[in-house]
Structures are given as C-alpha cells and as structure tokens.
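Examining the three-dimensional arrangement
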Amino acid sequence: MTEDIQFTIDGAIATITLNRPQKLNAVTPEMADAIVEAVKTCNDSDTIRCVILTGAGERAFCAGSDIRELDTYETPWQFRNRPDYCDAFRALLKPTICAVNGYAFGGGLETAMSCDIRIASENAQFAAPEIKLGWIGGGGMAAHLSHSIGASNAALMLMTGDPISAERALQWNLVSEVVPLAELLPRARALAAVIASRAPIAAETAKLNLKAAVSMPIEKAIEYERDLQTICFATADAAEGRLAFREKRQPVFHRR
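Because the structure is a prediction, the values reported are computed rather than measured.

**So, the environment of G134**
You can see G134 is positioned in the loop between strand 8 (125–127) and helix 5 (141–149). Separated by 27 residues in the primary sequence, G134 and G161 place their C-alpha atoms 11 Å from one another.

**Considerations on the side chain of N101**
Within the secondary structure, N101 sits in the loop between strand 5 (96–100) and strand 6 (103–105). For N101, a relative accessible area of 2% translates into the label buried. A polar contact is formed between the side chain of N101 and the backbone oxygen of G55, at a distance of 2.9 Å. Excluding anything up to four places from it in sequence, N101 contacts T54, G55, A56, G57, E58, R59, A60, F61, S121, L181 and L184.

**Topic: the pattern of salt bridges**
A pair can form between side chains of opposite charge whenever their charged atoms are brought close. Going through the model one piece at a time under the given rule, you end up with eight salt bridges. Close ionic contact of D162 with K132 constitutes a salt bridge, the shortest N to O distance being 3.1 Å. Taken together, the positions of D162 in the loop between helix 6 (151–160) and strand 9 (164–165) and K132 in the loop between strand 8 and helix 5 put the pair 30 residues apart, joining distant regions of the chain. Here R249 makes a salt bridge to E240, at a shortest N to O gap of 2.7 Å. For R249, a relative accessible area of 31% corresponds to the partly exposed category. Salt bridges linked by common partners bring E240, E247 and R249 together as one network.

**Considering the layout of surface pockets**
Its volume calculated, the largest pocket comes out at about 770 Å³. In this structure, the largest pocket is lined by 33 residues; those nearest its centre are S65, I67, L70, E130 and W135. Elements supplying a minimum of two residues to the lining of the largest pocket: helix 2 (76–80), helix 3 (85–90), strand 6 and helix 4 (107–113). Among the elements that make up the lining of the largest pocket, the one with the highest residue count is helix 2 (three residues). Class assignment of the residues belonging to the lining of the largest pocket gives a composition of 15 nonpolar, eight polar and ten charged. One number sums up the size of the second largest pocket: a volume of about 510 Å³. Lining the second largest pocket are 15 residues, and of these M113, H144, L210, K211 and V214 sit closest to its centre. Those elements that provide at least two residues to the lining of the second largest pocket are helix 5 and helix 9 (200–215). Take the lining of the second largest pocket: its biggest share by element is six residues, from helix 9. For the lining of the second largest pocket, the class distribution of residues is five nonpolar, five polar and five charged.

**Here we look at the sheet that holds strand 9**
Spatially, 4-6-8-9 is the arrangement adopted by the four strands of the open sheet, whose pairing is mixed. Only two strands of the sheet have a single neighbouring strand rather than two, namely strand 4 (60–62) and strand 9.

**Comments concerning the packing of aromatic side chains**
If you walk through the whole model with that rule in mind, you get one aromatic pair. Geometrically, the ring pair formed by Y103 and F105 is tilted, given 5.0 Å between the ring centres and 35° between the ring planes. Taking NZ or CZ as reference, R242 lies 4.1 Å from the ring centre of F233, over its face.

**Quick look at the packing of helix 9 against helix 10 (residues 218–233)**
Contact geometry of helix 9 with helix 10 gives a least axis separation of 10 Å together with a crossing angle of 170°. One way to sum up the angle between helix 9 and helix 10 is to call them roughly antiparallel. Note on element contacts: helix 10 touches helix 9 through A221, Y224, E225, L228 and C232, opposite I201, A202, T205, L208, N209, A212 and A213. Within the contact of helix 9 with helix 10, the residues separate by chemical class into nine nonpolar, two polar and one charged.

Calculation criteria
Residues numbered from 1 in each chain as written. Predicted model: local features only at pLDDT ≥ 70, side-chain atom pairs only at ≥ 80, totals over all residues. Heavy atoms only, no water. Helix = DSSP H or I, 4+ residues; strand = E, 2+ residues; numbered from the N terminus. Buried < 20%, exposed > 50% of the residue type's maximum accessible area, 1.4 Å probe, protein only. Polar contact = N/O pair within 3.5 Å; in protein donor to acceptor, adjacent residues only side chain to side chain. Contact = heavy atoms within 4.5 Å. Salt bridge = Lys/Arg side-chain N within 4 Å of Asp/Glu carboxyl O. 1 Å grid on protein atoms, 1.4 Å probe; cavity = no way out; pocket = protein on both sides within 12 Å on 5 of 7 lines; lining within 4 Å. Points joined across faces, edges and corners; volume = space filled by probe spheres on them. Nonpolar A, V, L, I, M, F, W, Y, C, P; charged D, E, K, R; others polar. Pairing = 2+ DSSP bridges. Phe/Tyr/Trp six-rings, centres within 6.5 Å; stacked < 30°, edge-to-face > 60°. Lys NZ or Arg CZ within 6 Å of the ring centre and 35° of its normal. Axes fitted to C-alpha atoms, helices over the stretch in contact; angles between N-to-C directions. Parallel < 35°, antiparallel > 145°, perpendicular 65-115°, else oblique.

In structure tokens, the structure reads:
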C-alpha cells in the first residue's frame, strides 16, 4: 500500500486517511489502488464495524484526482474504465463517516458524498470545479448532489464550478454537522463508536435500506425494507436485543 494512503484499525473502527497534504490530497492511480485494497479489508473483516474517511493536514480533505496524472491514460476509454476510488467507497459494506477538513473539490466532493454521514470543519469548502477545465464529474457528482441538495442547488454548483462554504453546505443538507477543525476527528470517532456499538448486521442492513430508498419506487422500497427487517429480526443479535430489553441491560452484539 502506498504511503499516500494511511489505513489504521482501532478496535471496531477503521480509518482511511488520504495522506498527500502537500498536493491537497489529490488522488493518484496508486492511491486509488490502495483505497480499493483498504475497502476490501474492511468488507472482509468481521470485527470492523465503522469506517472513517478523512484527509491529512488542515487545507484539504481531497482536491479530487491529480490532474497531471490524467494525461497518462492512453485513451478516453481507458480513463473511463480505470479503478475509481469513488466506486470503491460506495462498495463499502460498513457504515462510513467522512470527516471533511478543508477543500472537498471534484472527486473529493464525490468521495465525501459516497459516504453515509458527512461532517465538516468550519474551514471546509465544497465544489464541482470540473466545468472550469472543460469536463464534468464522473464519480456520481450529479446524482449525489441532486439527491442531497436539490436540483437547483446542484445545477448552481455543477454549472458554475464555484465553491460553497461549510455553513452553506450545512444549510443545504450536504453535511450533517459543522465543527471547529480541532474537534473534527474526535467528533467523527465519537460517532463511529456509537455506530460500532450497535448491532452490526442491522447497521449494514440500514445502509442497504438507505440505498434502496433513493433508487426504488416508494412501494417497492417499503416492501424491501420489510424484507430486510425480517432478516434482521431472525438474527441472534436481535434476539439478544430483545433479551437485554427484558433484563434491563445493555445488549452485547456479536454479528450473528
């Protein structure tokens, strides 16, 4: 794994850090490969229950793909079929928290939106600047923005390429919380600890359910939710939850 990606595990919480602060954590192909590897490790683990994604330094979470690397692809089709770090984060089965410190531009914004929960530092900025260079985002930019902030706000960001502040991102529901920079990672870890304490199968199922809610007709989404609920209800963890409720104690979940 490249040193430009840091991957650490602390109990049930894994942290993936984009570690190229001198280049605003812009992602190279080698970094994308390392992200794919880290995601596979998280998905294959029975002990990891929540994943935090953040960037090193104070200036940027991620400025997207390293522009200088884009001309290394021999054809546009090769570029289209490259291993994509946004696809990798969307493939995470575990709940994910993105702690956005500084710039989240281009692929960095797409990466943040590929996570389940987004919190931001007060100095964070968000932008879809690809139009300024002659193209558009390809990692889910329009789909995620329109679902998160509405069509008009999404159009404003996509068609101007100009950044919005953390405060505006909070007003538009692009992020859930804005905190001082020094409190960003502690807050992300506190949230991750809460999620990691919940029944892991139920947490992963809730993630599947949320994805279905935005991609299915409402009646089908509700039907799917009922099926997922039934699956969860049949687990040993759900039985433990019911027993703990009767015994007036905290449940102990074991992912089974």
